[in-house]
Amino acid sequence: MMDANDALSGRAVTRANMSASRFRKLMCGVTIVAACLAFAACSTTPSSKNKFDPKKYGVKGSPRVVSENGAVPKGGGRYVVGKPYKIAGKWYRPKLDPDYDKVGLASWYGPTFYGRMTANGEIFDKNALTAAHTTMPLPSYARVTNLSNGRSMIVRVNDRGPFHGNRVIDLSSRVADMLNFKSKGTAKVRVQYVGRARMDGRDQQYLLASYRGPGAVTPGGTMPGTMIAMAKLMTLDVLFGALDKGTVTLETTFPVSEHAWRTGGAPARTTTMFAVLNSEVPVADLIRGIIIQNANDGCIIVAEGLAGSEGAFAERMNERARELGMTHSHFGNATGLPGAQIRTTARGLFILAAYLIKAHPQLYRIFSEEAFTWNGIYQRNRMALFGNSIGIDGLKDGFVEGEGHGVVSSSIKNVHRLLTVVAGLADQDARDQAAVDLLGAGYEQFDTVEVYKANEVVAEARVFGGAESYVPLVSYVPVEMTLLDAGREVYRMRVVYTGPIPAPIKKGQKVGELRLYKGKELVNVAPLFTASEIVVGDIKQRAVDGALELLIGWW
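Asks: Tell me what's going on with the overall build of the chain, and back it up with residues and numbers.
Replies: A count of helical and extended segments in the chain gives 14 helices and 24 strands. Looking at the chain as a whole, 51% of its 555 residues are labelled buried. Summarising the internal contacts of the chain: among those between residues at least 6 apart in sequence, 70% fall at separations of at least 24. Accessible area for the chain stands at about 25,100 Å²; split by element, carbon and sulfur atoms hold 52% of it.

Here you go:
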């Protein structure tokens, strides 16, 4: 197996002859400037006063620019790597290390440092999700994981410190609370560099969304009941699949059984389209009832119409979940109403929503319809997020008593579409605000970049026994990557193929793939094809290739 690597900075590190000029355009230059040592000390106990001792550290403390009760502005600093510096007799050498991953003790800032300048010119706020590190560029993002309880989140590193023993990071009071070690003073943590932070400091929602722990939406974890309430999306997916197969049409009618009327209709006092007992309802109207009115009766009518019973339909839902890769989801009914064994996850709902949008663009438009009238009753779309500046155009909200409010929402802005899943919020306003904040952070902090155009040469693969020594590799579709605006230096791309490729080679032959990594995590793959035909070389060319392979190998 042969591969070629390249950082997003465009540094070629092998003989793959990769075209990396486009990646160079993605990266910001790293400016190294001298920084004053306005660093934080750390707290070992909640009651510690943590007064800074200039004699101990050999430098003066940073000035206070905001009173202890004053509001702290966000951002306002500069990007700095910094020169080597000496504290308490020990030298520290700041540098950019995209592979930084260390385990040690974390401590937290005492109140003494509130309102003081940090080492890059920002102002420390104990209520912000920030940290201090001895050598990372400032500001940076780093994921901190409390190894004793598994709680984890990304923090903004904007200061220098700590300078005690084997402590690797100082965290703000709020982060210490969220990682649940404030009362103990320190915790054994893992610290992983994520990337360069945005300069304006408007990253609070992004950092909150990175939290993993109690009350968080964790990939692959079972979620609160509000997730269950949004299971109607799977009911729609199974119905849309039946439409695709021609099993039913939009004009097909299903009967309203007593079970559907009593369990999901008016007598149940739940969200309903008010379908009349023993009537017939067209599939087109059932779709609108489920999407616009969250109709539980509509879901049961669909389940019984397609499978004969809710139980049999639930089996279809589970089979479909497995096909989509929703490995931690299980459905016991068509509505998401409590009482059945139902579970799903934020990741599962994300997969499902993305598929619905991509596979059924015409039907997806119904999600943005403002209202629907059935049985003489007019009802507005229950998604209260439409009409806002973030461009939300679907999908589904949910509520479970005792579990709170949640929503799966999709937004399109400047041709880019984003999806978000939130759950467990106290009320509809909190739910809507959380969804809008997350989508806003996504548009502000991420960008979809066309790395290579369709049919643009990505790399050249080595050929064995051919009339040419290399064959160009292309992707037949544009290669697009959604990247965090900050911290792109942690991304790497790699061209992988089995080679050298023996001649003859046909044009359009799939021989490898372009892989994009964030650190060690594979985040995107694009297949690569040969862009030209290579015929078998003459005896001399084949002899040279054979000799090279025998004597020195290819790489």
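This is not the end of the story, as more comes after the structure.
Asks: Which residues make up empty space enclosed by the protein, and what values go with them?
Replies: Scanning the model with the defined rule gives two cavities of 30 Å³ or more in all. Volume-wise, the largest cavity comes out at about 120 Å³. As for the largest cavity, its lining consists of 16 residues, of which Lys74, Glu122, Ala128, Thr130 and Arg156 are closest to the centre. Along the lines of polarity and charge, the residues of the lining of the largest cavity split into six nonpolar, five polar and five charged.

Asks: Describe in detail the packing of aromatic side chains, supporting the description with residues and values.
Replies: According to the stated counting rule, one finds six aromatic pairs in the structure shown. Between the aromatic rings of tyrosine 92 and phenylalanine 163, the centroid separation amounts to 5.1 Å while the plane-to-plane angle is 70°, which identifies the pairing as edge-to-face. Taken together, the residues span a long stretch of sequence, with tyrosine 92 in strand S3 (residues 90–92) and phenylalanine 163 in the loop between strand S7 (152–159) and strand S8 (167–171) at a distance of 71 residues. In this structure tyrosine 92 comes out as buried when scored by relative accessible area, which is 10%. A relative accessible area of 11% means that phenylalanine 163 is categorised as buried. The structure contains a cluster of three or more aromatic residues connected by ring pairs, namely Tyr85, Tyr92 and Phe163. Sitting over the ring of tyrosine 355, arginine 320 keeps its end group 4.7 Å from the ring centre.

Asks: Give me helix H10 (residues 310–324): which residues, what numbers.
Replies: In this model H10 runs 21 Å from its N-terminal to its C-terminal C-alpha over 15 residues, within 8% of the 21 Å that 1.5 Å per residue would give. The complete set of buried residues in H10 reads Glu310, Phe313, Ala314, Met317, Asn318, Arg320, Ala321 and Leu324. Along the axis of H10, the buried residues cluster in a sector spanning 165°; they form a single face. Summarising the geometry of H10, the exposed residues directed more than 90 degrees from the buried face are Arg322 and Glu323. Just downstream of H10 lies glycine 325, where phi reads positive at about 85°.

Asks: Break down the nonpolar core for me, citing the residues and quoting the values.
Replies: In terms of nonpolar packing, the biggest core is built from 53 residues, with Met234, Ile287, Leu306 and Leu395 touching the most fellow members. Elements that contribute at least two residues to this core include exactly helix H6 (232–245), helix H8 (283–293), helix H9 (296–307), H10, helix H11 (346–359), helix H12 (361–364) and strand S16 (416–425). With eight residues, H6 is the single largest residue contributor to this core.

Asks: Give a detailed account of the sheet that holds S16, specifying residues and quantitative values.
Replies: With antiparallel pairing, the three strands of this open sheet are ordered in space as S14-S15-S16. Single-partner strands in this sheet number two, and they are strand S14 (392–400) and S16. Strand-to-strand twist in this sheet, taken as the mean axis angle between neighbours without regard to direction, amounts to 5°. Here S14 pairs with strand S15 (residues 404–413) via eight bridges, running antiparallel. What sits directly across from aspartate 397, in S15, is valine 407.

Asks: Provide a residue-level description of the sheet that holds S8, including the pertinent values.
Replies: With respect to topology, six strands assemble into a closed barrel ordered S4-S8-S5-S7-S6-S9, the strand pairing being mixed. Looking at each pair of strands side by side, their axes are set apart by 45° on average, direction ignored. In terms of strand pairing, strand S5 (residues 130–132) meets S7 through three bridges, oriented parallel. Across the sheet, the residue bridging to threonine 130 is arginine 156, located in S7.

Asks: Describe the pairing of strand S9 (residues 187–196), listing the residues and the values that go with them.
Replies: Consecutive side chains of a regular strand alternate in pointing toward one face of the sheet and then the other. In terms of burial, S9 is largely enclosed, as seven of its 10 residues are buried. Bridge analysis of strand S4 (residues 101–108) against S9 gives six bridges, and the strand direction is antiparallel. Bridge pairing links aspartate 101 to glutamine 192 in S9. Two strands pair when backbone bridges link them, and strand S6 (residues 140–146) and S9 are joined in this way by seven bridges, in the antiparallel orientation. Among the inter-strand pairings, threonine 145 is bridged to a residue of S9, identified as arginine 190.

Asks: Tell me about H8, and please be specific about residues and values.
Replies: Summarising burial for H8: nine of the 11 residues are buried, a large majority. Buried within H8 are the following residues: Val283, Asp285, Leu286, Ile287, Gly289, Ile290, Ile291, Ile292 and Gln293. Where H8 terminates, the next one or two residues include asparagine 294, which has phi positive at roughly 55°.

Asks: Give me the lowdown on the packing of H9 against H10, citing residues and values where you can.
Replies: Packed helix pairs are characterised by how far apart their axes lie and by the angle those axes make with each other. Look at H9 against H10: their axes get within 8 Å of each other, and the N-to-C directions meet at 85°. When the axes of H9 and H10 are compared, the pair comes out roughly perpendicular. Within the contact between the two elements, H9 uses Ile300, Val302, Ala303, Glu304, Leu306 and Ala307 and H10 uses Glu310, Ala312, Phe313 and Arg316. Considering only residue class, the contact of H9 with H10 consists of seven nonpolar, no polar and three charged.

Asks: Give a detailed account of the side chain of glutamate 122, specifying residues and quantitative values.
Replies: Locating glutamate 122 in the fold gives a position in the loop between S4 and S5. A polar contact is formed between the side chain of glutamate 122 and the side chain of asparagine 120, at a distance of 3.0 Å.

Asks: Before we move on, could you go through the pattern of salt bridges and cite the residues and values that matter?
Replies: Per the stated rule, a full pass over the model turns up 13 salt bridges. Between arginine 156 and glutamate 122 there is a salt bridge, with its nearest N and O atoms 2.9 Å apart. Highlighted residues: arginine 156 in strand S7 and glutamate 122 in the loop between S4 and S5, separated in sequence by 34 residues. Of the residues examined, arginine 156 reaches a relative accessible area of 3% and is grouped as buried. Judged by relative accessible area, glutamate 122 falls into the buried class, the value being 3%. Residue arginine 262 pairs with glutamate 258 through a salt bridge whose shortest N-O separation is 3.0 Å. Placement of the pair is arginine 262 and glutamate 258 together in helix H7 (residues 258–264), with a separation of four residues, close to one helical turn.

About the criteria used
Residues numbered from 1 in each chain as written. Predicted model: local features only at pLDDT ≥ 70, side-chain atom pairs only at ≥ 80, totals over all residues. Heavy atoms only, no water. Helix = DSSP H or I, 4+ residues; strand = E, 2+ residues; numbered from the N terminus. Buried < 20%, exposed > 50% of the residue type's maximum accessible area, 1.4 Å probe, protein only. Contact = heavy atoms within 4.5 Å. Areas by Shrake-Rupley, 256 points an atom, 1.4 Å probe, with all protein chains shown as cover. 1 Å grid on protein atoms, 1.4 Å probe; cavity = no way out; pocket = protein on both sides within 12 Å on 5 of 7 lines; lining within 4 Å. Points joined across faces, edges and corners; volume = space filled by probe spheres on them. Nonpolar A, V, L, I, M, F, W, Y, C, P; charged D, E, K, R; others polar. Phe/Tyr/Trp six-rings, centres within 6.5 Å; stacked < 30°, edge-to-face > 60°. Lys NZ or Arg CZ within 6 Å of the ring centre and 35° of its normal. Expected span 1.5 Å × (residues − 1). Arc of directions from axis to C-beta. Core = buried A, V, L, I, M, F, W, Y, C linked by side-chain atoms within 4.5 Å. Pairing = 2+ DSSP bridges. Axes fitted to C-alpha atoms, helices over the stretch in contact; angles between N-to-C directions. Parallel < 35°, antiparallel > 145°, perpendicular 65-115°, else oblique. Polar contact = N/O pair within 3.5 Å; in protein donor to acceptor, adjacent residues only side chain to side chain. Salt bridge = Lys/Arg side-chain N within 4 Å of Asp/Glu carboxyl O.

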